[in-house]
Amino acid sequence: MQESPGIAGVDGSFASNVPAFLTKLWTLVENPDTNHLICWSTTGTSFHVFDQGRFAKEVLPKYFKHNNMASFVRQLNMYGFRKVVNIEQSGLVKPERDDTEFQHLYFLQGHEHMLEHIKRK
């Protein structure tokens, strides 16, 4: 028996043809245990990665087959995620804390069903 796209699965996840990378990314950002290293922004329209070194070493290997931050960012870029640059982060002054923010039009807190609209380039 085939599962219909658009029906929530047993675990509450959205059953559709969402790539594994996006499903893992959603799980990562949603996981309260990793909020000190990756979490939603206050508006829920983007997510933050804090302390990239620790994030790559401690979190990435639990979800992916690597611990390479550059590979993770490359995947984000392939799916159309963009780094958020705030005005005070003009690039000339090193930010006080290691905080990188990413966003995508269809990656929104509380809207897991939108993941199916994110396509790989």
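Counting from 1, residues in each chain are numbered in the order their sequence is written. The predicted nature of this model means local features are confined to residues of pLDDT at least 70 and side-chain atom pairs, given and counted, to a pLDDT of 80 or more, with totals for whole chains, interfaces and linings taken over all residues. Calculation of side-chain values draws on the structure's entire complement of heavy atoms; hydrogens and water are dropped beforehand.

The protein chain has the name Stress-responsive transcription factor hsf1 in an unreviewed UniProt entry, where Xenoophorus captivus is given as its organism. UniProt positions are given in the numbering used here, feature names are shortened, and annotations may be inferred rather than shown by experiment. UniProt annotates the protein chain under Sequence similarities (unreviewed entry) with the comment "Belongs to the HSF family." Word for word, the UniProt comment on the protein chain under Subcellular location (unreviewed entry) is "Nucleus".

When helix α3 (residues 69-78) is considered as a whole, its buried residues turn out to be Met69, Ser71, Phe72 and Leu76. Around the axis of α3, the buried residues are gathered within 165° of arc, so they sit on the same side. Those residues of α3 that are buried are in contact with α1 (20-30), β4 (46-50), α2 (52-63) and β6 (99-103). The N-terminus of α3 is capped by Asn68, whose side-chain oxygen sits 2.9 Å from the backbone nitrogen of Ala70. Throughout, exposure labels follow a simple rule: accessible area from a 1.4 Å probe, protein chains only, divided by the maximum for the residue type, with under 20% read as buried, over 50% as exposed, and the rest as partly exposed. Secondary structure follows DSSP: runs of H or I at least 4 residues long count as helices, runs of E at least 2 residues long count as strands, and numbering of each begins at the N terminus. An arc is given here, and it is the one of the directions from the helix axis to the C-beta atoms. In what follows, a contact means two residues having at least one pair of non-hydrogen atoms within 4.5 Å. Whenever a nitrogen or oxygen atom comes within 3.5 Å of another N or O atom, the pair is scored as a polar contact, on the condition that within protein one atom can donate a hydrogen and the other can accept it, and that pairs from neighbouring residues in sequence are kept only if both atoms are in side chains.

In summary, the pairing rule links any two rings of Phe, Tyr or Trp, Trp by its six-membered ring, whose centres are within 6.5 Å, and it sorts them by plane angle into stacked for under 30 degrees, edge-to-face for over 60 and tilted for everything else. Counted under the stated rule, the structure contains 12 aromatic pairs. Judged by centre distance (5.3 Å) and plane angle (70°), the rings of Phe81 and Phe107 are edge-to-face. Placement of Phe81 in the loop between α3 and β5 (82-84) and of Phe107 in the segment after β6 is noted, with a sequence separation of 26 residues between them. An aromatic cluster is built from Trp26, Trp40, Phe47, Phe81, Phe102 and Phe107, whose rings are joined through pairwise contacts.

We now examine the side chain of Glu101. In this fold, Glu101 is placed in strand β6. Given a relative accessible area of 12%, Glu101 falls into the buried group. Of note is the side chain of Glu101, whose polar atom sits 2.5 Å from the side chain of Ser46. In this view, Glu101 contacts Ser41, Ser46, Phe47, His48, Arg82, Lys83, Val84 and Asn86; residues no more than four positions away in its chain are not counted.

Our next topic: the pattern of salt bridges. Salt bridges, as used here, are contacts in which a Lys or Arg side-chain nitrogen is within 4 Å of a carboxyl oxygen on Asp or Glu. Taken as a whole and judged by the stated rule, the model has one salt bridge. Between Arg54 and Glu58 there is a salt bridge; the shortest N-O distance is 2.9 Å. With Arg54 and Glu58 both in helix α2 and four residues apart, the pair spans about one turn of that helix. Accessibility expressed as a relative area gives 33% for Glu58, which makes it partly exposed.

Right, let's talk about unusual backbone geometry for a bit. With the exception of glycine, most residues fall at negative phi, and the peptide bonds are largely trans. The phi dihedral of Asp51 falls on the positive side, at around 50°, and the residue is not glycine. Along the chain, Asp51 falls in the loop between β4 and α2.

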